[in-house]
Amino acid sequence: MDLKDKTVICSGKIRPVAIAYLQDKVTLKSWQQRGRVPEEQWNAWLQEADALYSAGNIRIDEKLLQKAPKLRVVAQSSVGYDNIDVEACHARSVKIGNTPGVLVNAVADIAYGLLIDTARGIVRGHLHTKNGLWGERKAMGLGVDLYNKTLGVVGFGDIGSAIAKRAQASGMRVIYHNRSRRLNDAALGARYVSWEELLKTSDFIAVAVTLNPSTKGLFNEAAFAAMKDGVRFVNISRGKVVDTDALYEALKSGKVAAAGLDVTEPEPLPGDHPLLTLPNITVTPHMASATEETRDEMALVTAQNIVAALSGQPMLAQVK
Ligand SMILES: NC(=O)C1=CN([C@@H]2O[C@H](COP(=O)(O)OP(=O)(O)OC[C@H]3O[C@@H](n4cnc5c(N)ncnc54)[C@H](O)[C@@H]3O)[C@@H](O)[C@H]2O)C=CC1
Ligand SMILES: O=C(O)C(=O)CO
């Protein structure tokens, strides 16, 4: 099908693999400079757009949709789509695509790295060495083993179960809590438990839920209070799942012995944020999917979703 009369606009810089896929098929308007498309330009593009390649964290809501009368497709270049008002899109017959699956291993690797860091303080050790304190390394204290400990995974979807696999390689027992029990959990070597049991019995907790109304602020003061003393906490899902102030207090008191976060609220996290004054936290800048291979695959799925939807074909991954 000739789609050259269809205009695809991109909200930010996109990967060459996506440009190569799209440029001969559609009329592509992409901003290949750093930062956001200037507002005037963006508003003009929205007027003409049949499809939107959503790169980065732009809010796609009724306000944006009103400026885009021809829009029929939004392709989010991530698995999470909490930046999109799904109801508003569907009310205007705008299809939404995302990129599940292709980023699972890259994200689970970072979660596993953070998990090890909460046990052993790798980043802390690096900073200690860098600050000329190698000889005083005993001051750092000892870490703990992953081996023979219980990992509680909250959100046992694609990424949660991939984190479990990595933890099992370190000899951890895995329990999980999910919206519903996974049929294949025995094959995955993981045991379904209630939210309360997970909090009470986990030595480590890894969070891999979607951000939705039921998970917003899920890890609040009460949740941290219900955890084991000295629990270690990793979040790679979305910052808004955690009450930042409650986590700060739990880390300060030692209730949470250490935390590893790839996502924060707010994002970006300012360099002078109170969380970063604590010695027992490692924060990475929402980079869990940031490998060359994974970002290429995410870009390609995003581009393929657009072409499929504009051709009236099923998308590779559609948000229902
Ligand atoms: N840090 C990063 O760069 C990345 C972060 N993510 C985040 O990770 C999330 C998960 O990704 P996938 O595993 O691919 O999605 P998925 O849809 O396979 O898994 C999410 C799981 O969360 C569960 N869930 C939802 N609400 C829940 C609740 N209230 N209680 C317990 N479980 C609940 C769902 O049942 C599902 O099993 C994404 O939505 C995204 O926000 C994803 C990729 C990269
Ligand atoms: O895919 C996602 O949801 C992300 O957070 C970006 O990799």
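The preceding data block contains the structure.
Attention in this report is confined to the structure presented alongside it.

Each value, and the rule that gives it
- Residues numbered from 1 in each chain as written.
- Chains lettered and ligands numbered in written order.
- Predicted model: local features only at pLDDT ≥ 70, side-chain atom pairs only at ≥ 80, totals over all residues.
- Near = placed C-beta within 6 Å.
- Helix = DSSP H or I, 4+ residues; strand = E, 2+ residues; numbered from the N terminus.
- Nonpolar A, V, L, I, M, F, W, Y, C, P; charged D, E, K, R; others polar.
- Domains from an automatic or database assignment.
- Buried ≥ 20, exposed ≤ 12 C-beta atoms within 10 Å, placed from the backbone.

**Looking at the site of ligand 1**
Lining the immediate surroundings of ligand 1 are 30 residues, of which Gly80, Gly155, Gly157, Ile159 and Arg179 lie closest. When residues in the shell around ligand 1 are grouped by element, the largest group, three residues, is from helix 7 (residues 158–169). Residue composition of the shell around ligand 1, by class: 13 nonpolar, 13 polar and four charged. In this structure, the shell around ligand 1 is formed jointly by two domains, domain 1 (3–102 + 292–310) and domain 2 (104–283), each of which donates at least three residues.

**Description of the site of ligand 2**
Every residue close to ligand 2 is listed here: Ser78, Val79, Gly80, Leu103 and Ser289. Residue composition of the shell around ligand 2, by class: two nonpolar, three polar and no charged.

**Observations concerning unusual backbone geometry**
Along the chain, Glu265 connects to Pro266 via a cis peptide bond; the corresponding omega equals 10 degrees. By the element assignment, Pro266 lies in the loop between strand 11 (256–261) and strand 12 (281–283). The step from Glu267 to Pro268 runs through a cis peptide bond, and the omega angle for that step is -5 degrees. With respect to the helices and strands, Pro268 occurs in the loop between strand 11 and strand 12. The phi dihedral of Ser93 falls on the positive side, at around 60 degrees, and the residue is not glycine. Tracing the chain through its elements places Ser93 in the loop between helix 4 (86–91) and strand 5 (95–97). A positive phi angle is found at Asn148, which is not glycine, with a value near 70 degrees. Looking at Asn148, the number of C-beta atoms within 10 Å reads 10, which means it is exposed.

Taken by themselves, the reported measurements are silent on function.
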